[in-house]
Amino acid sequence: MAAPSEGDAASLLPDLPGGPLQAYRARASFCWKELALFLEGEDTLRLKKSIFSALEDDPLFARSCGHELSLEKHRELTFLRCKRVLGHALVRVEDMVQNPLSVLTLVTCLGTYDWSLAQKFLLHLLVFGFAIYKSGSERHLEYLPKILNMEIFGCFAVTEVSHGSNAKAIRTTAHYDPATEEFILHSPDFEAAKFWVGNMGKTATHAVVFAQLYTPGGHCHGLHSFLVQIRNPKTLLPMPGVMVGDIGKKLGLNGVDNGFAMFHKVRIPRQALLNQTGDVTPEGTYVTPFKDAKRRFGVSLNNLSIGRATIVAMSVMNLKLAVSIALRFSATRRQFGPTDEEEVPVLEYQTQQWRLLPYLAAAYAVDHFSKWLFLNLAEFQQGLIGTDRGTRQAELGREIHALVSGGKPLASWTAQRGIQECREACGGHGYLAVNRLGDLRNENDPNCTYEGDNNVLLQQTSGYLLGLLELRLQGGARLESPLGTVDFLEAYPDILDQRFSCPSVTGCLQSSVPLAAYEWLVCYLLRESVQKVNQEKRSGSSDFEARNNSQLKDDAVALVDVIAPPDFILDSPIGRADGELYKNLWTAVLQESQVLERASWWAEFSASKTHVESLKSRL
C-alpha cells in the first residue's frame, strides 16, 4: 500500500485547535493525520467528513443545551432525525453493496452523535430492510423504495417475552389456510408476545415477524419470517387483531421506542412469507431448497449475524469515544508534582497509564478485527443472495457464526469495562452527565445482551471449536477453515506439548509470543472441556446434563430470601417474591402511561410539513 501523502491528509483532516494538548501532540512519534489516512483510507475519511458536516450544519441536529427531553419528545426528535438522515442520502444503496464498510461508517458516525438515532436508522434500514431483501424474493422488492423514503417504517421481531436466546422455542404460530391462501398469525398468550422490539413501540408500521410455520394437517416446518403490517401508515393506529405498544423507559437509548406485539388470529396473505429458505404453494404444500432442516434454520436467522457484527463495531466506537475523553482529560488534568509549585498531568503517572493505555490499544485492535469480520460477512451474504450452496459457503457460514458469536462478547465486554475505567479515571468529572461517560456506559450496556446474551453466544463459539476438535481426534479430514482462524488446531497435540520459552524481554514483545500463548490456552481449555464432558457422560448424564452438572445452584434462592427486602422496597416486577415472572411483567408494562396509545405528535407530523419548525419552537 502506498504511503499517504501529506497533502491528502491535510485536505481531509482539519488542523486541531492549539492549547494545553499541543505539548503532547508535539512529542508524538508520528503524524496523526497520516496514520488516520493510512488506517481509514481516503474514501472513508471523506464519507465521515460529509456525515459530520451534514449533522453539524442542519438545525434539526442542534444539541439540546443541557436540558433533558421528555420521553415522548426524545422519541419524536429521534424519528424526525432518522427521516432527515435518509433524506440526506449520505450513503447510496449501490455504495453499500460495492463498499460494505460504508455501512459501518454511517452507523458508527451516527452513533458518535447519538446512539438512539443510529439504532433507529440501523433497525429500520439495515435490519428490517436487509431482512426483506435477503430473506424474501422478487415479490417483496416493491417494499424497498417504500423503506428508503420512510413510506413504511420497520422493525425486526424475533424475541418473545419468554424466549430470547432459545429462538427454536418461539411460540408465535402461522397456520396456512389454503381456502383463502392466507396465514393465520397468532400469539397464544402474553409469554408469546413479541417483546423488546426496537421501533415497534410507537413508530413501526411493518414488522418482520418470526413464527412457527404450520401447513394443513398440523405439520410444523419450524421458524420462518413474515412481513406483517402492524399499523396503518397514515394514522399509526394498530391493524385489526394486533395489540401493539411501548414497553416504557429504559436505562438508556430512550430515543428508540422498544415495544411489544400480540397477534390474535391475524390473517396475512400467502405472499407475506419471506420465502428464501422455504415457501408454501397455494394448495398448502411446503417446499424448500434445503435438505438439512438445521441448515435452513441457520440461514433463516442469518440476519442476526449482521446485527452482531454491527454491535462489534458499535462497541468499538463507544470505547473510542470513552478513551478519547479520558486521555484528553488525563493529559490536561494536573495533580501533584516534584514541587508544591509544579503540578504534572495525571497521564504522567504510571497508574493512570496502566488504567487507560490497554483500552486505547484494544480500541485499535478490535477496530481492525471488526472491519475484517464485517467484510467477510458481506462476502458470505453475497454468496447467499447468489444461491451459493457449495461446501465452502457452508463452512464459511459456520466459521463466521462462531466468530460473531465470540466477537460480540469480546467487543461489548471490553468496551463496557473500558468505559467504566475511563469514568473512574476522570474522577468526579467523569461522573458529571455533561461529560457523556455515563451515557456511553448506559448505551453500550445493552450491547452485552441484545442479539444474543454474551454468555450464551460464547457457548456457540465453544461448541464450534469442540466439534472441530472432535473431528481432529477421530482422525478426520485436515482441519482448515475458509478464513483460517482455526487452522492452528491441526497442530493440537504439538501445541499442548509446548512450554513457554523466551530468551529476552525484547523477544516477549513480539506479536508471535502472545499469539502462541493464546493458541496453547485455547487447546488446553478445549482438552479440559472434552475430558469433563466425557466424564459426565460416562456417569450416565445426557449431553445437556453433562454441560450443566458442575454448577453450585440449589441453595441460591433460599440464600437470596435471606438478604432480599420486601417487594415494596425491592420494587422490581421480575424480582418479586411470588416468582410470577411474566404475570408481574405484563402488569408492569400495562401500567406504563400511554402504553397502547399512538405517538401524540403523529397527527401533527402527518398533517403538516412544518412539523420540524413546530417541534423546535416547543423544545
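Calculation criteria
Residues numbered from 1 in each chain as written. Predicted model: local features only at pLDDT ≥ 70, side-chain atom pairs only at ≥ 80, totals over all residues. Heavy atoms only, no water. Pairing = 2+ DSSP bridges. Helix = DSSP H or I, 4+ residues; strand = E, 2+ residues; numbered from the N terminus. Axes fitted to C-alpha atoms, helices over the stretch in contact; angles between N-to-C directions. Phe/Tyr/Trp six-rings, centres within 6.5 Å; stacked < 30°, edge-to-face > 60°. Lys NZ or Arg CZ within 6 Å of the ring centre and 35° of its normal. Parallel < 35°, antiparallel > 145°, perpendicular 65-115°, else oblique. Contact = heavy atoms within 4.5 Å. Expected span 1.5 Å × (residues − 1). Core = buried A, V, L, I, M, F, W, Y, C linked by side-chain atoms within 4.5 Å. Buried < 20%, exposed > 50% of the residue type's maximum accessible area, 1.4 Å probe, protein only. Patch = residues over 30% accessible without salt bridge, like charges linked within 9 Å, V, L, I, M, F, W, Y side chains within 5 Å. Areas by Shrake-Rupley, 256 points an atom, 1.4 Å probe, with all protein chains shown as cover. Salt bridge = Lys/Arg side-chain N within 4 Å of Asp/Glu carboxyl O. Left-handed = near helix turned anticlockwise from the far one by under 90°. Nonpolar A, V, L, I, M, F, W, Y, C, P; charged D, E, K, R; others polar.

A. Representation of the sheet that holds strand β7 (residues 242–246). The antiparallel open sheet is built from 3 strands, whose spatial order is β4-β8-β7. The open sheet has two free edges, formed respectively by β4 (194–197) and β7, since each of these has just one partner strand. With direction set aside, neighbouring strand axes in the sheet form an average angle of 15°. Of the pairings in the sheet, the one linking β4 to strand β8 (residues 259–263) comprises 2 bridges and is antiparallel in character. Bridge pairing in β8 links Val197 to Gly259.

B. Expanded view of the packing of aromatic side chains. A full pass over the atoms with the stated rule returns 10 aromatic pairs. Here a set of aromatic residues connected by ring pairs shows up, and it is made of Tyr176, Phe183 and Phe226. Over the ring of Tyr143 we find Lys146, and its NZ or CZ is 5.6 Å from the ring centre.

C. Main features of the packing of helix α7 (residues 101–113) against helix α12 (residues 350–385). Packing of α7 against α12 brings their axes to within 9 Å, and their N-to-C directions diverge by 130°. By the angle between their axes, α7 is oblique relative to α12. Only Ser370, Lys371, Phe374 and Leu375 of α12 make contact with α7, whose side of the interface consists of Leu101, Val103 and Leu104.

D. Representation of helix α13 (residues 391–425) within the structure. In this model, α13 (35 residues) spans 50 Å end to end at C-alpha, consistent with the 51 Å of a helix rising 1.5 Å per residue. Among the residues trailing α13, Gly427 stands out with phi positive, at a value near 60°.

E. Representation of the nonpolar core in the model. Residues Leu110, Trp115, Phe121, Phe156 and Val208 are the most contacted members of the largest nonpolar core, which totals 95 residues. Ranked by the residues each element gives to this core, the list is headed by helix α11 (residues 303–332), at 14 residues. Ignoring anything within four residues of it in the chain, the contact list for Trp115 reads Val107, Thr108, Leu253, Met314, Met317, Asn318, Leu321, Leu440 and Glu443. Ala174, Met200, Ala211 and Val228 belong to the second-largest nonpolar core, a separate cluster that totals 26 residues.

F. Local environment of a nonpolar patch on the surface. Taken together, Leu16, Phe30 and Trp32 make up a surface patch of nonpolar side chains, about 280 Å² in accessible area. Mapping Phe30 onto the fold places it in the loop between α2 (22–27) and α3 (32–40).

G. Representation of the packing of helix α8 (residues 115–135) against α11. Direction vectors running N to C along α8 and α11 enclose 160°, while the axes themselves pass 11 Å from each other. By the angle between their directions, the pair α8 and α11 is classed as roughly antiparallel. The hand of the α8/α11 crossing is right-handed. Residues Trp115, Gln119, Leu122, Val127, Phe130, Ala131 and Lys134 of α8 form the contact with α11, whose own contacting residues are Asn303, Ile306, Thr310, Met314, Met317, Asn318 and Leu321. The class makeup of the residues in the contact of α8 with α11 is 9 nonpolar, 4 polar and 1 charged.

H. Up close: the pairing of strand β2 (residues 173–177). With 4 of its 5 residues buried, β2 lies for the most part within the structure. Following β2, the chain reverses through 4 residues before pairing antiparallel with strand β3 (residues 182–186); Glu181 in that reversal takes a positive phi of roughly 55°. Relative to strand β5 (residues 206–215), β2 runs parallel, the two sharing 3 bridges. Paired with Ala174 across the strands is Leu213, a residue of β5.

I. Molecular detail of helix α5 (residues 71–88). Taking 1.5 Å per residue, 18 residues should reach 26 Å; α5 reaches 26 Å between its end C-alpha atoms and fits that length. Those residues of α5 not exposed but buried are Glu72, Arg75, Glu76, Leu77, Thr78, Phe79, Leu80, Arg81, Cys82, Val85 and Leu86. One or two steps after α5, the chain reaches Ala89, where phi turns positive at roughly 50°.

J. Structural view of the pattern of salt bridges. For the structure on display, the rule yields 23 salt bridges. A salt bridge links Arg267 to Glu182; the shortest N-O distance between them is 3.0 Å. Taken together, the residues Arg267 in strand β9 (residues 266–269) and Glu182 in strand β3 connect sequence positions 85 residues apart. With a relative accessible area of 41%, Arg267 lands in the partly exposed category. Owing to a relative accessible area of 21%, Glu182 belongs among the partly exposed residues under this scheme. Residues Glu379 and Arg392 are paired through a salt bridge, measuring 3.5 Å at the closest nitrogen-oxygen approach. Highlighted residues: Glu379 in helix α12 and Arg392 in helix α13, separated in sequence by 13 residues. For Glu379, a relative accessible area of 40% puts it in the partly exposed group.

K. Structural view of the environment of Asp445. With respect to the helices and strands, Asp445 occurs in the loop between α15 (437–444) and α16 (454–473). We classify Asp445 as partly exposed; its relative accessible area is 32%. Expressed as a C-alpha distance, the spacing of Asp445 and Gly252, which sit 193 residues apart in the sequence, is 8.4 Å.

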